[in-house]
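Listed here are the chains, written in short residue letters.
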Amino acid sequence: MPPKYKMRCHYDVLGVNRDADDAELKRAYRKLALEWHPDKNAHRQEEAEERFKEVRGAYETLSDPNERAWYDSHREAILKAGKHAAGGEDMRPEDEIDLMPYFTSNAFRGFGDDPGGFYQTYGTLFAALDKQEQAASLAAGKDHFKASPAFGASDAPWTQVKAFYAHWGLFATMKTFAWADEYNLAEAQNRKVRRLMDEENKKLRRGEAREFNDTVRQLIAFVRKRDKRFIAHSAEQAKLEKARAAAAERKRAAAKKAKAEAASAYVEADWAQAEAPEWLAREIEKEEEAKARKEARKQDLYCPVCKKKFKSQKQWENHEQSKQHKAAVQRLKEQMMEDEEVVKAALEDEESEGESD
């Protein structure tokens, strides 16, 4: 049985528009949290506790982008809490569990193990869901369907909590959703109409199955976010990760310090301090000369005609054989010959003038 309470829209609870941004949500939450905090309402303690819980639950959902998006897309169904979202007659079976009322902190009272508390409420819910899935699996001839781990109490070990969330996080229903059929195949006039009716019914069943799977997975995310056991484990893991990171940083710093100390304490070996033997000096000199020749060759790999540099001898040789280079050389030769004729003519003129004088 779903919890009984009056469902109110989260936006109405906070008194904001549905397009309110994060800043507006935070302002509205702080104002209402101060107004309805139980410590400030001793004269109406019970009402204040309920209102404060409602305000906090609304803000927790709307301040989370994923939860808010899902809430916005399912708002009407959640508020109707069991009525068909399309507004028509609800053809769901009587034993079909309505999950929408469980998407609010008003679904439970506190985080104890007492009846109505967080762990009893959701433990009962998921046990009922698992029972229905087991029955659907058997009806489909799949008696090997894996049963769900128990939700457990507030002091359940982490291995059990982890196994529970792992199971439901990959949930895929075994139900047929035959109740979603729109057409009775027995009323088909012929085989073609029957096939079309059957295809439409299957499409509706797949849609309901997809919606149910999404709802269950979203509910698991909703519950996990508020599960004190999961929160405590996440905090502990974060603490351990921080400690590991700090230890790794200390180790790196120590290694760096040790390396620096070793470098400062290094003393060159006697053999390195001694004067190099003659043969070694010759080898070093040869290497230096080879390097110099290599650098000189690099400088030589330049074509003054085309004004280009080359990285290798091969590139230079290929360039020498290129049509572009040969044409440029020919133009340069012609230019030089023309210049030579001009100079020769000038010299002859000077000689003629000298003879006449």
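Here the structure is a predicted model, which means the values were calculated and not measured.

What about the nonpolar core?
Moving on, step 1. Among the nonpolar cores identified, the biggest contains 52 residues, and Leu 14, Leu 99, Tyr 122, Phe 126, Leu 219 and Val 223 are the most heavily contacted of them.
Moving on, step 2. Mapped by element, the contributors of at least two residues to this core are helix H1 (10–14), helix H2 (22–36), helix H3 (45–62), helix H4 (65–80), helix H5 (118–139), helix H6 (158–169) and helix H7 (191–226).
Moving on, step 3. In terms of residue count, the dominant contributor to this core is H7 (seven residues).
Moving on, step 4. Not counting the four nearest positions on each side in its chain, Leu 99 is found in contact with Leu 125, Leu 129, Phe 212, Thr 215, Val 216 and Leu 219.

Topic: empty space enclosed by the protein
Moving on, step 1. If you walk through the whole model with that rule in mind, you get two cavities of 30 Å³ or more.
Moving on, step 2. Put simply, the largest cavity is a space of about 70 Å³.
Moving on, step 3. Elements with a contribution of two residues or more to the lining of the largest cavity: H4 and H7.
Moving on, step 4. Tallying contributions element by element places H4 first for the lining of the largest cavity, with four residues.
Moving on, step 5. Classifying every residue of the lining of the largest cavity by side-chain character gives five nonpolar, three polar and one charged.

Considering H6
Moving on, step 1. An ideal rise of 1.5 Å per residue puts 16 Å on twelve residues; H6 measures up with 16 Å between its terminal C-alpha atoms.
Moving on, step 2. Residues of H6 that are buried include every one of Val 161, Phe 164, Tyr 165, His 167 and Trp 168, and no others. The arc enclosing the buried residues of H6, seen along the axis, measures out at 160°, which places them on a common side. The exposed residues of H6 that point more than 90 degrees off its buried face are Thr 159 and Lys 162.
Moving on, step 3. Residues of H6 that are buried make contact with H5, H7 and helix H8 (228–264).

Some details on a negative patch on the surface
Moving on, step 1. Residues Glu 283, Glu 285, Glu 287, Glu 288 and Glu 289 make up a contiguous surface patch of negative charge.
Moving on, step 2. Secondary-structure assignment places Glu 285 in helix H10 (residues 278–300).
Moving on, step 3. On the basis of relative accessibility, which here comes to 46%, the residue Glu 285 falls in the partly exposed class.

Let's talk about the packing of aromatic side chains
Moving on, step 1. For the structure shown, the criterion picks out 23 aromatic pairs.
Moving on, step 2. Above the ring of Phe 108, the side-chain terminus of Lys 53 is found at 5.0 Å from the ring centroid.

Digging into the confidence of the model for the protein chain
Moving on, step 1. On average, residues of the protein chain score 81 in pLDDT, and 82% of them reach the 70 mark or higher.
Moving on, step 2. Mean pLDDT values for the elements of the protein chain range from 56 in helix H9 (residues 270–273) up to 93 in H6.
Moving on, step 3. Overall, residues 82–89 carries pLDDT values under 50, and its contacts beyond four positions in sequence, including any with other chains, amount to ten contacts.

Quick look at the pattern of salt bridges
Moving on, step 1. Under the defined criterion, the tally for this structure stands at twelve salt bridges.
Moving on, step 2. Among the salt bridges present, the one from Glu 54 reaches Arg 8, with a minimum N-O distance of 3.1 Å. Here the residue Glu 54 occupies a position in helix H3, and Arg 8 occupies one in the segment before H1, the gap between them amounting to 46 residues.
Moving on, step 3. For Arg 8, a relative accessible area of 30% puts it in the partly exposed group.
Moving on, step 4. Note that Arg 252 is salt-bridged to Glu 249, the shortest N-O span being 2.6 Å. Here Glu 249 and Arg 252 lie together in helix H8, a separation of three residues that amounts to about one turn.
Moving on, step 5. Judged by relative accessible area, which is 42%, Glu 249 ranks as partly exposed.

Points about the packing of H6 against H7
Moving on, step 1. The contact between H6 and H7 brings their axes to 9 Å, and the two run at 155°. Between H6 and H7, the angle is such that the two are roughly antiparallel. Here Phe 164, Tyr 165, Trp 168 and Gly 169 of H6 lie close against H7, whose contacting residues are Val 216, Arg 217, Ile 220, Val 223 and Arg 224.
Moving on, step 2. Partitioned by chemical class, the residues of the contact of H6 with H7 number six nonpolar, one polar and two charged.

Calculation rules
- Residues numbered from 1 in each chain as written.
- Predicted model: local features only at pLDDT ≥ 70, side-chain atom pairs only at ≥ 80, totals over all residues.
- Heavy atoms only, no water.
- Core = buried A, V, L, I, M, F, W, Y, C linked by side-chain atoms within 4.5 Å.
- Buried < 20%, exposed > 50% of the residue type's maximum accessible area, 1.4 Å probe, protein only.
- Helix = DSSP H or I, 4+ residues; strand = E, 2+ residues; numbered from the N terminus.
- Contact = heavy atoms within 4.5 Å.
- 1 Å grid on protein atoms, 1.4 Å probe; cavity = no way out; pocket = protein on both sides within 12 Å on 5 of 7 lines; lining within 4 Å.
- Points joined across faces, edges and corners; volume = space filled by probe spheres on them.
- Nonpolar A, V, L, I, M, F, W, Y, C, P; charged D, E, K, R; others polar.
- Expected span 1.5 Å × (residues − 1).
- Arc of directions from axis to C-beta.
- Patch = residues over 30% accessible without salt bridge, like charges linked within 9 Å, V, L, I, M, F, W, Y side chains within 5 Å.
- Areas by Shrake-Rupley, 256 points an atom, 1.4 Å probe, with all protein chains shown as cover.
- Salt bridge = Lys/Arg side-chain N within 4 Å of Asp/Glu carboxyl O.
- Lys, Arg positive; Asp, Glu negative; His and termini not counted.
- Charge placed at Lys NZ, Arg CZ, Asp CG, Glu CD.
- Phe/Tyr/Trp six-rings, centres within 6.5 Å; stacked < 30°, edge-to-face > 60°.
- Lys NZ or Arg CZ within 6 Å of the ring centre and 35° of its normal.
- pLDDT = per-residue confidence, 0-100.
- Axes fitted to C-alpha atoms, helices over the stretch in contact; angles between N-to-C directions.
- Parallel < 35°, antiparallel > 145°, perpendicular 65-115°, else oblique.

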